[in-house]
Amino acid sequence: MKKLIAFTLTAALLTGSAFAEAQTRTSTFDGPKASGTKTTVRDKDAGTFSSDKSVTRKSDGAVATTSRDRQRTDTGFTSSGTRTGFNGQTSSYDYERTKTENGWTATGSGTGPKGGEYSYSGSKARTDNGFTANRSASRNGTEIYNRTDTVSRSNGMVTRDTSVTRKPRKR
């Protein structure tokens, strides 16, 4: 009986270390208009995730790529990515989210495919009976989106107040 228990514990420890390794998944597709490959790597112990995708258009051989990375930190996580379209134009972003005493704050920036500069900020904070949240985005220094949510609970009822402003899109 003692040998069986020792063997079972040893096997559990050995298989546990196998799960600690990074997990890689690769998938491919081949459709009538395009083919491609996507590879993701997740390492839960290290707190990392990455995704790389490449798609080739069959009509002319043009390639589009997407790459994303995410890293857990002591206080939240960081994320970044790039995308290059079939036309060769590239966009990118960087994002950081930080835990606070009663919620989180986030900041980000990016570059659009036509060179536009983007910035993002957001936050969420718990209150005694709900939460408040805000998200704001700007393009080339001009605010294009702002959303504020206030949610409260009282006597079994939930009250939500949402305010959204957007810059009108050019059509």
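We now turn to the structure provided with this report. (Residues numbered from 1 in each chain as written. Predicted model: local features only at pLDDT ≥ 70, side-chain atom pairs only at ≥ 80, totals over all residues. Heavy atoms only, no water.)

Further remarks concern the pairing of strand β1 (residues 23–30). For β1, the buried fraction is low: zero of the eight residues fall into the buried class. As judged from the eight bridges shared by β1 and strand β2 (residues 34–43), these two strands associate in the antiparallel manner. Within β2, the position partnered with Gln23 by the bridge is Arg42. (Buried < 20%, exposed > 50% of the residue type's maximum accessible area, 1.4 Å probe, protein only. Helix = DSSP H or I, 4+ residues; strand = E, 2+ residues; numbered from the N terminus. Pairing = 2+ DSSP bridges.)

As a further point, take the packing of aromatic side chains. The final tally for this structure, using the stated rule, is two aromatic pairs. Seen from their ring centres, Phe77 and Tyr95 are 5.7 Å apart, and the 40° between their planes marks the pair as tilted. Of this pair, Phe77 sits in strand β5 (residues 76–84) while Tyr95 is found in strand β6 (residues 90–100), placing the two residues 18 residues apart along the sequence. Each ring, one from Tyr95 and one from Tyr120, has its centre 5.9 Å from the other, and the planes form 40°; the classification is tilted. Highlighted residues: Tyr95 in strand β6 and Tyr120 in strand β8 (residues 117–127), separated in sequence by 25 residues. Given the relative accessible area of 26%, Tyr120 is considered partly exposed. Clustering of aromatic rings is evident, with ring pairs tying together Phe77, Tyr95 and Tyr120. The positively charged end of Arg57 is found above the aromatic ring belonging to Phe86, 4.6 Å away from the centroid. (Phe/Tyr/Trp six-rings, centres within 6.5 Å; stacked < 30°, edge-to-face > 60°. Lys NZ or Arg CZ within 6 Å of the ring centre and 35° of its normal.)

Take Ser138: its relative accessible area is 16%, and that puts it in the buried class. With residues up to four places along the chain from it excluded, the contact list for Ser138 reads Glu117, Tyr118, Ser119, Glu143 and Ile144. (Contact = heavy atoms within 4.5 Å.)

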